[in-house]
Number of protein chains: 2
Amino acid sequence: MEIEIKFRIEDVEKVEEKVKKFAEFVIDKIEEDLYFNSPIRDFRRYDEALRIRKDIEGVSITYKGPKIDKETKSREEIKVGVDNYDKAVLLLKKLGFKEVGKVLKRRKIYRHNNVLICIDSVFNLGDFIEIEVVSDGIEEDIEKAKEEVFKIAESIGLDRKSSLRESYLEMLMNK
Amino acid sequence: MEIEIKFRIEDVEKVEEKVKKFAEFVIDKIEEDLYFNSPIRDFRRYDEALRIRKDIEGVSITYKGPKIDKETKSREEIKVGVDNYDKAVLLLKKLGFKEVGKVLKRRKIYRHNNVLICIDSVFNLGDFIEIEVVSDGIEEDIEKAKEEVFKIAESIGLDRKSSLRESYLEMLMNK
């Protein structure tokens, strides 16, 4: 289970300066995400997602389940590393999945204890910050994790009420 | 495209002795294959297959297309290496695929030029030999590859007419 909140940011340098004060730098990379829809149920309708990601760390296939609350974009995530991008795309297509869109972004990752803070510059969309923590999925633990990520957001001046639940793909589709 | 023929063998030691005379030993391993069916079309009916394989070399997901002729089990194959067996199984299940059966076998692989010769002892089924070569899929090339694998089969005393097209999974299901 991935407990995750997201905010649009206007002054990305200012936000990053604040993050640097309490979190350590992990990586700066370009992520290329290709999203697919399912032939058996419309992932948009059921709030699921399937994507292949390519970045400097490798290639992965990720399934994301429906979001579990109304305030965050927390959801189940199953991520499998794969050894070949083109073959992974071909495999999903042969199994009936359809390409729906691509999201390209520069992502800088910082870490504070078990929390990851991603500063994303999304091509054609703007700058965002994502704050996430992995939870074992027990209800009590989810609530604790949620408060933890919101506390970090508030400490860098982000208003809880402006937390976004839309994915980058949805935002790009709705433009 | 994988051009492949298969035969049941009674005296496995005798066949292996013949193979050793012209082919070099590659690997001796246990392969554990878990097969899935699709929620959108019955793979048995359309002669397709989807499996996750686990062996000492790693884990992979493979899609196999319909067989392309009546004499061999040649077909398109897309194989992607993955980094985690349990997550790969969970991913396919979340995407709607259903487990249909497991095939467990000991496989000894020999190589002669571009041809792989697999001597398989399949749990609950018996001993088999598979002779295969990878083709680029051009028709002329497929015919050439087919004659190449049948020539090897005949050189070790296997009758072309007894070539089997059923998969191990189908054989186990039909028992």
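Right, let's walk through the structure included here. (Residues numbered from 1 in each chain as written. Chains lettered and ligands numbered in written order. Predicted model: local features only at pLDDT ≥ 70, side-chain atom pairs only at ≥ 80, totals over all residues.)

## Here's the deal with the relation of the copies chain B and chain A
Rules: Least squares is used to superpose the copies, and the fit set is the C-alpha atoms of residues whose pLDDT is at least 70 in both copies. Here contacts are defined at the residue level, using C-beta atoms placed from the backbone and a cut-off of 7 Å between them.
With an RMSD of 0.0 Å, chain B superimposes on chain A once it is rotated by 180° and translated 0.0 Å along the axis. The transformation relating the two chain copies, once decomposed into turn and shift, fits a two-fold axis. Minimal C-alpha distance to the rotation axis in chain B is attained by Val82(B), lying at 2.2 Å. Counting the interface residues of chain B, we find that 100% of their copies in chain A are interface residues as well, pointing to one common contact surface.

## Section: the interface of chain B and chain A
Reports of interface size often rely on the accessible area that becomes lost once the parts have come together. Stated precisely, the cut-off is as follows: In this description a helix means any DSSP run of H or I spanning at least four residues, a strand means any run of E spanning at least two, and both kinds are numbered starting from the N terminus. Note on residue classes: Ala, Val, Leu, Ile, Met, Phe, Trp, Tyr, Cys and Pro are nonpolar, Asp, Glu, Lys and Arg are charged, and everything else, Gly too, is polar.
With 19 residues of chain B at the contact, the number on the chain A side is 19 residues. For the side of chain B that touches chain A, the elements supplying multiple residues, two or more each, are β4 (58–67), β5 (75–82) and α3 (85–94) of chain B. Among the elements that make up the side of chain B that touches chain A, the one with the highest residue count is α3(B) (5 residues). The class makeup of the residues in the side of chain B that touches chain A is 12 nonpolar, 4 polar and 3 charged.

## Side note on the pairing of strand β8 (residues 126–134) of chain A
Residues and elements named next belong to chain A. Defined as follows: The pairing criterion for strands is at least two bridges between them, as found by DSSP.
As paired strands, strand β1 (residues 2–8) and β8 are joined by 7 bridges and run antiparallel to one another. Residue pairing for β8: Phe7 is matched across the bridge by Ile129. Looking at chain direction, strand β7 (residues 115–122) and β8 are connected through 8 bridges and run antiparallel. Bridging from a neighbouring strand, Cys118 pairs with Glu130 of β8. Hairpin remark: β7 followed by β8, antiparallel, with 3 residues in the connecting loop; positive phi at Asn124, about 75°.

## Digging into the environment of Glu166(B)
All names here are of chain B. Defined as follows: Once C-beta atoms are placed from the backbone, each residue is buried if 20 or more other C-beta atoms lie within 10 Å of its own, exposed if 12 or fewer, and partly exposed for counts between those two.
Note that Glu166 resides in the loop between α4 (139–155) and α5 (168–174). Residue classification places Glu166 among the exposed positions, given that 12 C-beta atoms sit within 10 Å. Between the C-alpha atoms of Glu166 and Lys6, which are 160 residues apart in sequence, the distance is 8.8 Å.

## A few points about helix α4 (residues 139–155) of chain A
Since the α-helix turns once every 3.6 residues, residues separated by three or four places project in the same direction. All names here are of chain A. Put simply, the test is: Any helix carries an expected span of 1.5 Å times its number of residues minus one. The arc in question is traced by the directions running from the helix axis to the C-beta atoms.
For α4, spanning 17 residues, the distance from its first C-alpha to its last is 25 Å, which sits close to the expected 24 Å at 1.5 Å a residue. Among all positions in α4, only Ala145, Val149, Ile152 and Ala153 are buried. Axial view of α4: buried residues confined to an arc of 105°, hence all on one face. In α4, the exposed positions that point more than 90 degrees away from the buried face belong to Glu139, Glu140, Glu147, Lys151 and Glu154. The inward-facing, buried residues of α4 contact β1, β6 (98–112), β7 and β8. Gly157 sits one or two positions beyond α4 and adopts a positive phi of about 85°.

Purely geometric stuff here, so don't read any function into it on its own.
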